[in-house]
Amino acid sequence: MDPAEVGFDPARIARARDLMRVQVESGRSPGLAAVVTRHGQVVLAEAFGVRNLAGDPMEVDSVFPIASGTKPITAAVVMSLVEDGEIGLNQRVVDYLPELPETLRGVLVHHLLTHTGGFEAPTWTGRLRTRMLEHDEEDAAWGRDRIVNGYLGCIPDLALAAPPGTGMLYASLSYEMLGEIVRRLTGQTLGEVMRVRLFEPLGMHDTSMVVDETLRQRLIEPWDGLPMASTTQTMFGIGMDVLLASDSAGAGLVSTAADNVTFSRMILGGGALDGVRVLSEASVRAMTTNQIPGVPDVLFGHKEASWGYGFSVVCEERWPYFGGGLVPPGSVTHNGAGGVDHWIDFEHQIAGAFFEIVTEMSPQFEPVSGAGHRFQDVITAAVID
């Protein structure tokens, strides 16, 4: 539709398209796709470049492994079980996972959702890489896939580094614990619970833990030398196929930019979209409100971590590469390793997704070569009413 009809400057929206085109033509990215809506209306749906080494064109419906972009969706499933009375936000995790060592008996579900459990993050210490590569009998005994087993295998001897709630250390293990809680309560895989509670009601048919042939035909395939490609660069040396077969609560989903925006529009709608409600307004408010005011971020050194249940909540202190500088405080976002980026702007009622194959990523999975944060700024600056 005409961007002006929903309060965008058409010339500035054209600049967003130009930014995408230049990002590819300059060699900064082989390919990317983006979708932007305002007040529920699509104002931009574009793709540039290629999705694989064979040169197949990138399309708006190209399928990306969304990596940590999985976490807000896991949080949504957890909140739906909170609404059902199955999970207590302020209940001890040990009530659901009795394997937790004595030192972690004070960790609450709230701490897992906000990465404030106070325990080490095996992703950053190197322990996780070793466990995934070895995948010994002890880890396999958890009965899940290789990635989930590697995370859960860290639990019995997990050390507490700081009192729960005193600092945020981004730890995928927190979300793998949440995923395991969901499996034990429902008797289903996390992907199946997501499908029934979220994807089918919302019409997110291109989002799944299971990559069937229909999705695989549209899947991006970064080639060797690019982040998230070879076995030495993807998920700690275990390869993309292992990730695509995982029920990982922290990184297991594939999706499209359009489906990601559908989820975001549900959040903008207070838990409902097109007359279908999947979450309560109370749950969405909890997910998108800073639940840890005054708590510092340990990993990146920010004085204010500003995190909700599943989302980073934009505050005055910005994260490099992980969001636009013009996006208003109170907006929420969550990136995924490899170039997956989305944001929800409540002030302007914007839902946007920018999915890109990046060419450079930092050891902390920052999309150094990515244009997502600049794209967000161009879109935000396009608002004229």
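Preceding this paragraph is the structure being described.
Calculation criteria
- Residues numbered from 1 in each chain as written.
- Predicted model: local features only at pLDDT ≥ 70, side-chain atom pairs only at ≥ 80, totals over all residues.
- Heavy atoms only, no water.
- Helix = DSSP H or I, 4+ residues; strand = E, 2+ residues; numbered from the N terminus.
- Rg over C-alpha atoms; globule rule 2.2 N^0.38 Å.
- Buried < 20%, exposed > 50% of the residue type's maximum accessible area, 1.4 Å probe, protein only.
- Contact = heavy atoms within 4.5 Å.
- Areas by Shrake-Rupley, 256 points an atom, 1.4 Å probe, with all protein chains shown as cover.
- Pairing = 2+ DSSP bridges.
- Core = buried A, V, L, I, M, F, W, Y, C linked by side-chain atoms within 4.5 Å.
- 1 Å grid on protein atoms, 1.4 Å probe; cavity = no way out; pocket = protein on both sides within 12 Å on 5 of 7 lines; lining within 4 Å.
- Points joined across faces, edges and corners; volume = space filled by probe spheres on them.
- Phe/Tyr/Trp six-rings, centres within 6.5 Å; stacked < 30°, edge-to-face > 60°.
- Lys NZ or Arg CZ within 6 Å of the ring centre and 35° of its normal.
- Salt bridge = Lys/Arg side-chain N within 4 Å of Asp/Glu carboxyl O.

> How would you sum up the overall build of the chain? Please name residues and give values.
Along its length, the chain carries 14 helices and 10 strands. Rg of the C-alpha trace for the chain: 20 Å, near the compact-globule value of 21 Å for 385 residues, within the 12% margin. The 385 residues of the chain split such that 59% are buried. Taking the contacts inside the chain whose residues are at least 6 apart along the sequence as the reference set, 65% of them involve residues at least 24 apart. Approximately 14100 Å² of the chain is accessible, and the part contributed by carbon and sulfur atoms is 51%.

> Outline the side chain of Ser248, listing residues and values.
Relative to the elements of secondary structure, Ser248 occurs in the loop between helix H11 (240-244) and strand S4 (254-255). The exposure class assigned to Ser248 is buried, which follows from its relative accessible area of 1%. Apart from residues lying up to four places away in sequence, Ser248 is in contact with Thr70, Asp145, Ile147, Val148, Glu176, Leu190 and Met209.

> Pulling in residues and values, what's your account of the pairing of strand S1 (residues 31-38)?
For S1, the tally of buried residues reaches 8 of 8 residues, placing the bulk of the element in the interior. Where S1 lies against strand S2 (residues 41-49), 8 bridges are found, and the strand directions are antiparallel. In the strand pairing of S2, Ala33 is matched with Ala47. With 7 bridges connecting them, S1 and strand S10 (residues 350-356) associate as antiparallel partners. In the sheet register, Val35 faces S10, and the bridge partner there is Ala353.

> I'd like a rundown of the nonpolar core, residues and numbers included.
Leu113, Phe119 and Met287 are the most contacted members of the largest nonpolar core, which totals 92 residues. Here Met287 is in contact with Pro72, Ala75, Ala76, Met79, Ile267, Leu279, Gly308, Tyr309 and Phe311, once residues within four sequence places are set aside. Leu44, Phe48, Phe354 and Val383 belong to the second largest nonpolar core, which has 23 residues in total.

> Account for empty space enclosed by the protein, with residues named and values stated.
The gaps left among the atoms become clear once a water-sized probe is rolled over them. In the structure shown here, the tally under the stated rule is 3 cavities of 30 Å³ or more. Roughly 60 Å³ of internal volume is contained in the second largest cavity. Looking at the second largest cavity, the residues that line it are Tyr321, Asn335, Gly339, Val340, Asp341, Glu356, Pro367, Gly370, Ala371, Gly372 and His373. Broken down by secondary-structure element, the contributors of at least two residues to the lining of the second largest cavity are strand S9 (340-345) and helix H14 (372-381).

> Summarise the packing of aromatic side chains; cite the residues concerned and give the values.
For the structure on display, the rule yields 7 aromatic pairs. Both rings, one in Trp307 and one in Trp319, keep their centres 5.9 Å apart while their planes meet at 55°; by these two values the pair is tilted. On the criterion of sequence distance, the pair formed by Trp307 in the loop between helix H13 (281-287) and strand S7 (312-313) and Trp319 in the loop between S7 and strand S8 (332-333) is long-range, its members being 12 residues apart. The burial state of Trp307 is the same as that of Trp319; both residues are buried. Chaining the aromatic ring pairs together yields one cluster made of Tyr170, Phe300, Trp307, Trp319 and Phe322. For Arg38, the ring lying beneath its charged end belongs to Phe8, and the centroid distance is 5.6 Å.

> Lay out the pattern of salt bridges with the relevant residues and their values.
On inspection of all chains with the given rule, the structure shows 17 salt bridges. The partner of Glu180 in a salt bridge is Arg183, and the shortest N-O contact between them spans 2.9 Å. Within this pair, Glu180 and its partner Arg183 are both found in helix H8 (residues 172-186), separated by 3 residues, close to a single helical turn. For the residue pair Glu180 and Arg183, the accessibility class agrees, reading buried in each case. One salt bridge in this structure joins Arg195 and Glu200, with 2.1 Å as the shortest N-O distance. On the accessibility criterion, Arg195 (30% relative accessible area) is partly exposed. For Glu200, a relative accessible area of 47% gives the class partly exposed. Several salt bridges share partner residues, and in doing so they unite Glu99, Arg144, Glu180, Arg183, Arg184 and Asp247 into one network.

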